Amino acid sequence: GENVEQHPSTLSVQEGDSAVIKCTYSDSASNYFPWYKQELGKGPQLIIDIRSNVGEKKDQRIAVTLNKTAKHFSLHITETQPEDSAVYFCAASSSNFGNEKLTFGTGTRLTIIP
Amino acid sequence: GAVVSQHPSWVICKSGTSVKIECRSLDFQATTMFWYRQFPKQSLMLMATSNEGSKATYEQGVEKDKFLINHASLTLSTLTVTSAHPEDSSFYICSAQHTNYGYTFGSGTRLTVV
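Residues numbered from 1 in each chain as written. Chains lettered and ligands numbered in written order. Predicted model: local features only at pLDDT ≥ 70, side-chain atom pairs only at ≥ 80, totals over all residues. Heavy atoms only, no water.

Colleague: Help me understand the overall build of chain A, please; the structure alone is not making it clear to me.
Modeller: Within chain A, the secondary structure is distributed over 0 helices and 11 strands. Reading the helices (α) and strands (β) of chain A from amino to carboxyl end gives β-β-β-β-β-β-β-β-β-β-β. Against the compact-globule benchmark of 13 Å for 114 residues, chain A has a radius of gyration of 14 Å, which places it among compact chains. For chain A, the spread of C-alpha atoms along the three principal axes comes to 40 × 30 × 20 Å. A fraction of 54% describes how many contacts in chain A between residues 6 or more apart in sequence connect residues 24 or more apart. With the model as given, the accessible surface of chain A reaches about 5,600 Å², and the carbon-plus-sulfur share is 46%. For chain A, the separation between the mean place of its 11 positive charges and that of its 13 negative charges on side chains is 4 Å. (Helix = DSSP H or I, 4+ residues; strand = E, 2+ residues; numbered from the N terminus. Rg over C-alpha atoms; globule rule 2.2 N^0.38 Å. Contact = heavy atoms within 4.5 Å. Areas by Shrake-Rupley, 256 points an atom, 1.4 Å probe, with all protein chains shown as cover. Lys, Arg positive; Asp, Glu negative; His and termini not counted. Charge placed at Lys NZ, Arg CZ, Asp CG, Glu CD.)

Following this line, the structure appears as structure tokens:
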């Protein structure tokens, strides 16, 4: 089955600086890579996703890059703000939105230092 | 966008009793729903995949007789923790899958067994 590794497990960044979180996956059949933000006591919230036919996607301060050859994808947050502090999870799926399950990374606790 | 409602948000029950958690897709039909368990400072662990009108598929190591899943309609799936014990205390999260919206998560249920 799929295995997703995520690094770092914790990350502290000065407000205004950029944060980068990296994930690798093992199953070459995976084609959907979402990123979730989870705040304490809440469910994960999708912040951005990318499919395997695209190398990069950007949404305001958030971007995701995908390298299918190397089987890794990264989340980039620019101009970080205190409200970006949360736990971030990457995930992978061989999804055509049928019955495929998501496999999650281990999470990164991001702390933005004011 | 897609909204998934999960109730209750928290529940405390006595050891030996059963607890039911509901997961509803409010504005879309979800043929597939997923149930996760999350322990403190850990990632989401998939418990089972639930398809409308059929039996759930449980992940290895998850007791199907203890964690009963019912997916009777395209908008509702329930997880019942039977004969709960303190070690079942955890954060339970559901997710619904939609062709256009991907995977949408509920807000989670904090179960405490005393």
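Once you've had a look at it, read on.
Colleague: Is there a simple way to explain the state of the cysteines in this structure?
Modeller: Residue and element names in this part refer to chain B. Scanning the entire structure with this criterion turns up 2 disulfides over all chains. One disulfide in the model links Cys-23 with Cys-94; its S-S distance is 2.0 Å. Classification of the bridge connecting Cys-23 and Cys-94 rests on its S-S torsion, roughly 80°, and on that basis the disulfide is right-handed. Here Cys-23 is found in strand β3 (residues 19-25), whereas its partner Cys-94 is found in strand β9 (residues 90-98), with 71 residues between them in sequence. There is no split in this pair, since Cys-23 and Cys-94 are both buried. Not part of a disulfide, Cys-13 finds its nearest cysteine sulfur in Cys-94, a span of 18 Å. (Disulfide = S-S within 2.5 Å. Buried < 20%, exposed > 50% of the residue type's maximum accessible area, 1.4 Å probe, protein only.)

Colleague: Explanation requested: unusual backbone geometry in the structure shown.
Modeller: One can expect most non-glycine residues to show negative phi and most peptide bonds to be in trans. Here the bond from His7(A) into Pro8(A) is cis, since omega is -5°, no more than 30 degrees from zero. With respect to the helices and strands, Pro8(A) occurs in the loop between β1 (4-7) and β2 (10-14). Along the chain, His7(B) connects to Pro8(B) via a cis peptide bond; the corresponding omega equals 0°. With respect to the helices, strands and loops of the structure, Pro8(B) is situated in the loop between β1 (4-7) and β2 (10-13). Of note in the backbone geometry, Gln60(A) takes a positive phi value of approximately 55° without being a glycine.

Colleague: Whenever I open this one, the sheet that holds β1(A) confuses me. Can you help?
Modeller: In any sheet, the strands associate via hydrogen bonds between backbone groups, in a parallel or an antiparallel arrangement. Residue and element names in this part refer to chain A. Spatially, 5 strands are ordered β1-β3-β8-β7-β6 in an open sheet, and the strand pairing comes out antiparallel. Strands at the two margins of the open sheet, each flanked by one partner only, are β1 and β6 (56-59). Along the sheet, successive strands turn relative to each other by an average axial angle of 15°, direction set aside. Pairing of strand β7 (residues 62-67) with strand β8 (residues 72-77) involves 6 bridges; the strand directions are antiparallel. Within β8, the residue paired with Asn-67 across the bridge is His-72. (Pairing = 2+ DSSP bridges. Axes fitted to C-alpha atoms, helices over the stretch in contact; angles between N-to-C directions.)

Colleague: Looking at this structure, how should I read the interface of chain B and chain A?
Modeller: How big an interface is tends to be reported as the loss of accessible area on association of its parts. Taken together, the contact pairs 22 residues of chain B with 20 residues of chain A. Its largest share of buried area at the contact with chain A, chain B owes to Ser43(B), Tyr103(B) and Phe105(B), together 33% of the area lost on that side. With its nearest N and O atoms 2.8 Å apart, the salt bridge here joins Lys101(A) to Glu59(B). Taken together, the links from chain B to chain A amount to 8 residue pairs in polar contact (both at pLDDT 80 or more). Here the residues of the side of chain B that touches chain A are counted per class, giving 8 nonpolar, 12 polar and 2 charged. (Buried area = accessible area lost by both parts, 1.4 Å probe. Salt bridge = Lys/Arg side-chain N within 4 Å of Asp/Glu carboxyl O. Polar contact = N/O pair within 3.5 Å; in protein donor to acceptor, adjacent residues only side chain to side chain. Nonpolar A, V, L, I, M, F, W, Y, C, P; charged D, E, K, R; others polar.)

Colleague: Explain the environment of Thr17(B) to me, please; I cannot follow it from the model alone.
Modeller: The topology assignment puts Thr17(B) in the loop between β2 and β3. Separated by 65 residues in the primary sequence, Thr17(B) and Thr82(B) have C-alpha atoms spaced 6.6 Å apart.

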